[in-house]
Amino acid sequence: MKFNFIYTMRWKFLSVFALSIASAFVTAFIGYRLGFKLENVEPFTIPINWVVKRIGSLPVLVAAGFLMFLIYFFLFSRKMFDYLEEITRGLQEISQGNLSYEITTQSSDELGVLADHFNRMTKKLRKSIEEERKAERTKNELITGVSHDLRTPLTSVLGYLELIETDRYKDEVELRYYTKIAYEKTKNLKKLIDHLFEYTSLSDEGIKLHMKKVNIIGFLKQLTEEFNPQLKKAGMSCRLAARDDSIYVEADGHQLMRAYENVISNAIRYGSSGKYIDIRIGSTGGEAVVEIINYGEAIPERDLPYVFERFYRADKSRSSQNGGTGLGLAITKSIIELHGGRISVRSDRRETAFETRLPLCQVSSQEPQKGR
Ligand SMILES: Nc1ncnc2c1ncn2[C@@H]1O[C@H](COP(=O)(O)OP(=O)(O)OP(=O)(O)O)[C@@H](O)[C@H]1O
Ligand SMILES: [Mg+2]
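What counts and how
Within each chain, residue numbers correspond to sequence positions counted from 1 in written order. Chain A is the first chain written and ligand 1 is the first ligand written, with later ones labelled in order. For this predicted model, a pLDDT threshold of at least 70 governs which residues receive local features, and a threshold of 80 or more governs which side-chain atom pairs are given and counted, while totals over whole chains, interfaces and linings are taken from all residues. Remark: hydrogens and water are excluded; side-chain values derive from all non-hydrogen atoms of the structure. Pairing between strands requires that DSSP locate at least two bridges from one strand to the other. Runs of H or I in DSSP of at least four residues are treated as helices and runs of E of at least two as strands, each being numbered from the N terminus. The angle between two axes is taken between their N-to-C directions and runs from 0 to 180 degrees, where each axis is a line fitted to C-alpha atoms and a helix contributes only its stretch in contact. A contact between two residues is defined here by any heavy atoms of the two lying within 4.5 Å. Each residue's exposure class comes from its accessible area (1.4 Å probe, protein chains only) as a fraction of the maximum for that residue type: buried when under 20%, exposed when over 50%, partly exposed otherwise. In plain words, nonpolar cores are sets of buried Ala, Val, Leu, Ile, Met, Phe, Trp, Tyr and Cys residues tied together by side-chain atoms within 4.5 Å. Residue ranges for the domains originate in an automatic or database domain assignment. The criterion for an aromatic pair is that two Phe, Tyr or Trp rings (for Trp, the six-membered ring) have centres within 6.5 Å, with stacked assigned to planes under 30 degrees apart, edge-to-face to planes over 60 apart and tilted to the rest.

On to the sheet that holds strand β2 (residues 237–242). What the five strands build is an open sheet, ordered β2-β4-β5-β7-β6; its pairing is mixed. Each having just a single partner strand, β2 and β6 (342–347) make up the two edges of the open sheet. The sheet shows a mean angle of 15 degrees between the axes of neighbouring strands, direction not considered. Note: β2 against strand β4 (residues 276–284), six bridges, orientation parallel. Residue pairing for β4: Cys238 is matched across the bridge by Ile277. Of the strands in this sheet, β2, β4, β5 (287–294) and β7 (352–359) touch helix α6 (residues 216–226), which is tilted by about 175 degrees from β2.

This is the structure in structure tokens:
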């Protein structure tokens, strides 16, 4: 807070002091003149004469003046000291843990500045405590979610292995069937643990990105080619459309691949009834815009705001049949945001589209940059 020299405590104190002296002087002078007038008026004559003779008019004047000075000083400095008391009260409250207490900043002197700084300090403290609580809550939720998601497949693996172990199967066909289920469930478990590891390392912000200049068009072309076997198996094909030949972003190729892999594999998994996956790439407003569209069943409107949340699976029964962990899009979102981008989704009966926006690369050279 800015404050004028004239509003400093030192000046305020000096002014109160000077004002008290002046007021005491004026009051004593008026008293002195009044004493003269009342000297000849009964019943004041005798006491006034007695005081003047015994003590002298000067000492009486000085004593009265000093007394008046004290009274004026207390009166004029009251506001200042009241405020000091208010600050002390505020500090006591804060020291006792009441961080919501706000000291009123009513003056622009040092006390006002002090109060303002204290208010800012408590605000920051409040914020960091809230953040810490939120992080703790998130961690607890994650642990609860993970324990639940690990326990469910593990219980069924144990169940099937127990059947095998205690020879409770009819023939080899049934034995193979049980083994297959246990194997599939174990694969899901591994996937969940891998995803979880990925997700926590991403959200720890401890991850180091190795940024390079990436042509997002070439990058996505190559990535979709890698999906050919899965696309074929699902009876689908991928159409890629780009307005330019090259659109460059600065990205960690490995991370970006994982981000788009999750979206494309979702499009195959949940959109196989639609036959096509369309990938449209363009650039606008300094951003590379990638849309990945599938034409399967729509994501219910009530689920849309949550699909990027970890462990969230729209239409839970359908998703669990598909063996998803509900972490794919949470991972994608973290990666895109780590790159300074955004991801959004829209879905209706016609199509489901995931759109990512990444900042365009600032450097215009065609040479890839050195990794950071
Ligand atoms: N293209 C899509 N079409 C329809 N629903 C989708 C699509 N992509 C995601 N969803 C819905 O959003 C949910 C969350 O997706 P996410 O990728 O995070 O998890 P998942 O696919 O269930 O598991 P995994 O961790 O194996 O990817 C899915 O369960 C699904 O219900
Ligand atoms: Mg997924």
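Picking up where we left off.
Let's shift gears to helix α10 (residues 328–338). Among the 11 residues in α10, eight count as buried, and that is most of the element. Restricting attention to buried positions, one finds in α10 the residues Gly328, Leu329, Ala330, Ile331, Thr332, Ser334, Ile335 and Ile336.

To continue, consider the nonpolar core. Counting 46 residues, the largest nonpolar core has Ile216, Leu220 and Tyr260 as the members making the most contacts within it. No fewer than three residues from each of domain 2 (143–203) and domain 3 (212–359) sit in this core.

Before going further, it helps to examine the packing of aromatic side chains. A full pass over the atoms with the stated rule returns 12 aromatic pairs. Ring centres of Phe17 and Phe69 lie 5.3 Å apart, and the angle between their planes is 80 degrees; this geometry places the pair in the edge-to-face category. Within this pair, whereas Phe17 is found in helix α1 (residues 9–38), its partner Phe69 is found in helix α3 (residues 57–95), the two being separated by 52 residues in sequence. Under the relative-accessibility criterion, Phe17 is labelled partly exposed at 38%. Judged by its relative accessible area of 14%, Phe69 is buried. Between Tyr72 and Phe76 the ring centres are 5.7 Å apart and the planes differ by 15 degrees, which places this aromatic pair in the stacked class.

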